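One-letter residues, chain by chain:
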Amino acid sequence: MAALVPAVADPPAAALPAAAAARAPAKAAPVAAAKPAAAPAPSLRQKADAAANATLAALLPHLSGNDSLPLLDRSAMFAGDVSRLLAAYDLTQGVPAQSQPAEQSRVQQVLKAATALIGTPYRWGGTSTEGFDCSGLVGYVFRNALGIELPRVSREMAAKSDAQLIRDRSQLTPGDLVFFGLRGRVNHVGIYVGDGQFLHAPSRGKDVRVDRMDTGYWGNRFMQARRVEI
């Protein structure tokens with residue numbers, strides 16, 4: 001009978017002879033190529049804001065009031081334009097990097113808050129979404145968009161000493177308060193939105209809308225503007 005040979009476990013690596021260890025090929029540790037840090041992906045909120053800004057910029061030139069077109073039809077056309085623009089904007093895709101001054105961003109907040117109220121009925125003395133008069137609308141927008149309290153009536157807004165006075169309409173920029181009147185007396189106010197247009201609550205029987213201020217009824221009634229510090 002063959003003699004039993006006790007089983008011997010493999011020796012630990014530390015026990016290998018130095019010569020055997022020397023014969024083992026050395027394995028170089030892989031060196032990972034340095035990669036530049038990726039820019040953080042824009043959040044869904046940032047993408048939505050960019051989409052809203054693009055929509056606003058595209059629609060403002062086409063929002064002038066047109067009394068010959070029924071309100072229901074104008075509202076449907078406006079809603080359709082917004083839907084098509086937003087549908088074409090894919091929020092799953094990256095948003096181009098945009099750097100804009102804080103003041104410009106706050107002006108955009110004012111314009112977005114104001115355009116959201118288009119179609120709200122005029123109501124004398126109104127200061128809520130149930131109905132606005134001209135100064136009630138302007139005060140509501142600045143209060144809710146930026147937390148800025150403005151005087152209640154248009155002539156007091158026009159006399160606001162801590163807001164820059166502008167008399168030349170060619171110097172207007174979006175977000176400026178524009179004032180109208182007759183015989184040197186201010187009796188109406190709106191928010192300039194650019195391209196010679198302003199958003200306002202016109203009068204009884206009409207709704208918040210955008211009109212041209214350089215031609216037509218308002219063309220010869222412009223008196224001045226004020227640029228509120230934001």
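Residues numbered from 1 in each chain as written. Predicted model: local features only at pLDDT ≥ 70, side-chain atom pairs only at ≥ 80, totals over all residues. Heavy atoms only, no water.

Participant: When you look at the overall build of the chain in this model, what are you seeing that I'm missing?
Facilitator: Along its length, the chain carries seven helices and eight strands. Looking at the chain as a whole, 34% of its 230 residues are labelled buried. Taking the intrachain contacts of the chain between residues at least 6 apart in sequence as the baseline, contacts between residues at least 24 apart amount to 60%. Carbon and sulfur atoms provide 57% of the accessible area of the chain, an area that totals close to 14500 Å². (Helix = DSSP H or I, 4+ residues; strand = E, 2+ residues; numbered from the N terminus. Buried < 20%, exposed > 50% of the residue type's maximum accessible area, 1.4 Å probe, protein only. Contact = heavy atoms within 4.5 Å. Areas by Shrake-Rupley, 256 points an atom, 1.4 Å probe, with all protein chains shown as cover.)

Participant: What is the right way to look at the sheet that holds strand 3 (residues 164–166) in this model?
Facilitator: Ordered by their spatial adjacency, six strands build an open sheet running 3-8-4-5-6-7, and the pairing between neighbours is antiparallel. Here the strands that pair on one side only, and so sit at the sheet edges, are strand 3 and strand 7 (209–212). Shown here is a sheet whose adjacent strand axes are inclined to one another by a mean of 35°, direction ignored. Bridging between strand 3 and strand 8 (residues 222–227) involves three bridges; their strand directions are antiparallel. Opposite Gln 164, over in strand 8, you have Arg 227 as the bridge partner. Together, strand 5 (185–194) and strand 6 (197–200) form the strand contacts of helix 4 (residues 102–115), whose direction differs from that of strand 5 by roughly 110°. (Pairing = 2+ DSSP bridges. Axes fitted to C-alpha atoms, helices over the stretch in contact; angles between N-to-C directions.)

Participant: Looking at this structure, I do not really get helix 4. What am I missing?
Facilitator: Helical geometry: 3.6 residues make up each α-helical turn, so side chains three or four residues apart lie on a common side. For helix 4, which comprises 14 residues, the first-to-last C-alpha distance of 20 Å matches the rise-based estimate of 20 Å (1.5 Å per residue) to within 8%. Of all the residues in helix 4, the buried ones are Val 107, Gln 108, Val 110, Leu 111, Ala 114 and Thr 115. Take helix 4 and look down its axis: the buried residues cluster within an arc of 160°, on one side only. (Expected span 1.5 Å × (residues − 1). Arc of directions from axis to C-beta.)

Participant: Looking at this model, I keep getting lost on the environment of Arg 183. Mind explaining?
Facilitator: Relative to the elements of secondary structure, Arg 183 occurs in the loop between strand 4 (177–182) and strand 5. Take Arg 183: its relative accessible area is 81%, and that puts it in the exposed class. In this structure, the C-alpha to C-alpha distance between Arg 183 and Arg 221, residues 38 residues apart in sequence, is 9.2 Å.

Participant: Explain the pairing of strand 4 to me, please; I cannot follow it from the model alone.
Facilitator: Two faces belong to every sheet, and in a regular strand the side chains alternate between them. In terms of burial, strand 4 is a largely internal element, five of the six residues being buried. With six bridges joining them, strand 4 and strand 5 adopt antiparallel strand pairing. Counterpart to Phe 179 in the pairing with strand 5 is Val 189. Here strand 4 folds back onto strand 5 in antiparallel fashion, the turn holding two residues, of which Arg 183 has a positive phi close to 55°.

Participant: It is not clear to me how the nonpolar core should be interpreted in this structure. Could you clarify?
Facilitator: Across soluble globular proteins, you tend to see nonpolar side chains buried next to one another. Counting residues in hydrophobic clusters, the biggest one holds 30 residues, and the most contacted among them are Leu 137, Val 138, Val 141, Phe 142, Leu 150, Leu 177 and Ile 191. Those elements giving two or more residues to this core turn out to be helix 4, helix 5 (134–146), helix 6 (154–158), strand 4 and strand 5. The residues touching Leu 177, leaving out its near neighbours within four places in the chain, are Val 138, Phe 142, Leu 150, Val 189, Gly 190, Ile 191, Gln 224, Ala 225, Arg 226 and Val 228. Formed by 10 residues, the second largest nonpolar core is a distinct cluster that contains Phe 180, Phe 198, Met 213 and Phe 222. (Core = buried A, V, L, I, M, F, W, Y, C linked by side-chain atoms within 4.5 Å.)

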